[in-house]
Amino acid sequence: VVTGGRPTTWYGGWSVNQYTTEYSVMTQAENSSEWIDQGVFVGNTERYNLVTNLFMQPVFTKYVRFYPLKWSGNAVLRAGVLLQQGCVDLDECVTMDEAGGNVCNAFGVNCTNTEGSFQCACEPGFEFDRSVGCRLPPVVVEPPPDESGSAAARALHGL
């Protein structure tokens, strides 16, 4: 987000110094009724220059609310929202699923974010399955080789 104060205002010949020094931001996704607190941010220290603050993680949202908390003069806040261009790697280890946790943590295993994906770390000898968590890998049983023509098979059958 980008914020600024009231750059130039004259009331009866007086220049008014008005800007917000601290504010909070809330966001709401398109199909949600829940407002998510994105944190408290340091705003402007004077009225002319713009100040940029970034969220800790990319936010996919339709609505943004700014709440001035501290200010100089009056609570004046010019605000803009920065948009990310191109692809954004989501940290699936931080992003919450419908149950309020990430896929790995739902099963009590460690999560490692990778570019475009993630990995759940199971104990050695186990593999991660999204439906059940960590499990033993499936055992593939190979049929024994056909030994009907071997010397041992012929001796066994008295051939």
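The coordinates are above.
(A) Representation of the overall build of the chain. When helices and strands are counted, the chain shows one helix and 12 strands. Counting helices and strands in the order they occur from the N terminus, the chain gives β-β-β-β-β-β-β-β-β-β-β-β-α. By residue count, 21% of the 159 residues in the chain fall in the buried class. Considering only residue pairs separated by 6 or more positions, the chain has 55% of its internal contacts joining residues 24 or more positions apart. For the chain, the exposed surface amounts to about 11400 Å²; the carbon and sulfur share of it is 55%.

(B) Examining the side chain of Asn 44 more closely. With respect to the secondary-structure elements, Asn 44 resides in the loop between strand 5 (36-42) and strand 6 (51-52). Given a relative accessible area of 1%, Asn 44 falls into the buried group. Of the polar contacts made by the side chain of Asn 44, one reaches the side chain of Thr 3; its length is 3.0 Å. Look past the residues within four positions of Asn 44 in its chain and what remains in contact with it is Thr 3, Gly 4, Gly 5, Tyr 19, Thr 20, Thr 21, Asn 49, Leu 50 and Val 51.

(C) Quick peek at the nonpolar core. Judged by nonpolar contacts, Cys 93, Cys 104, Val 109, Phe 118 and Cys 120 together constitute the single largest core of five residues. If we ignore the near neighbours within four places in the chain, the residues touching Cys 104 are Val 109, Asn 110, Cys 111, Phe 118, Gln 119, Cys 120 and Phe 128.

About the cut-offs
Residues numbered from 1 in each chain as written. Predicted model: local features only at pLDDT ≥ 70, side-chain atom pairs only at ≥ 80, totals over all residues. Heavy atoms only, no water. Helix = DSSP H or I, 4+ residues; strand = E, 2+ residues; numbered from the N terminus. Buried < 20%, exposed > 50% of the residue type's maximum accessible area, 1.4 Å probe, protein only. Contact = heavy atoms within 4.5 Å. Areas by Shrake-Rupley, 256 points an atom, 1.4 Å probe, with all protein chains shown as cover. Polar contact = N/O pair within 3.5 Å; in protein donor to acceptor, adjacent residues only side chain to side chain. Core = buried A, V, L, I, M, F, W, Y, C linked by side-chain atoms within 4.5 Å.

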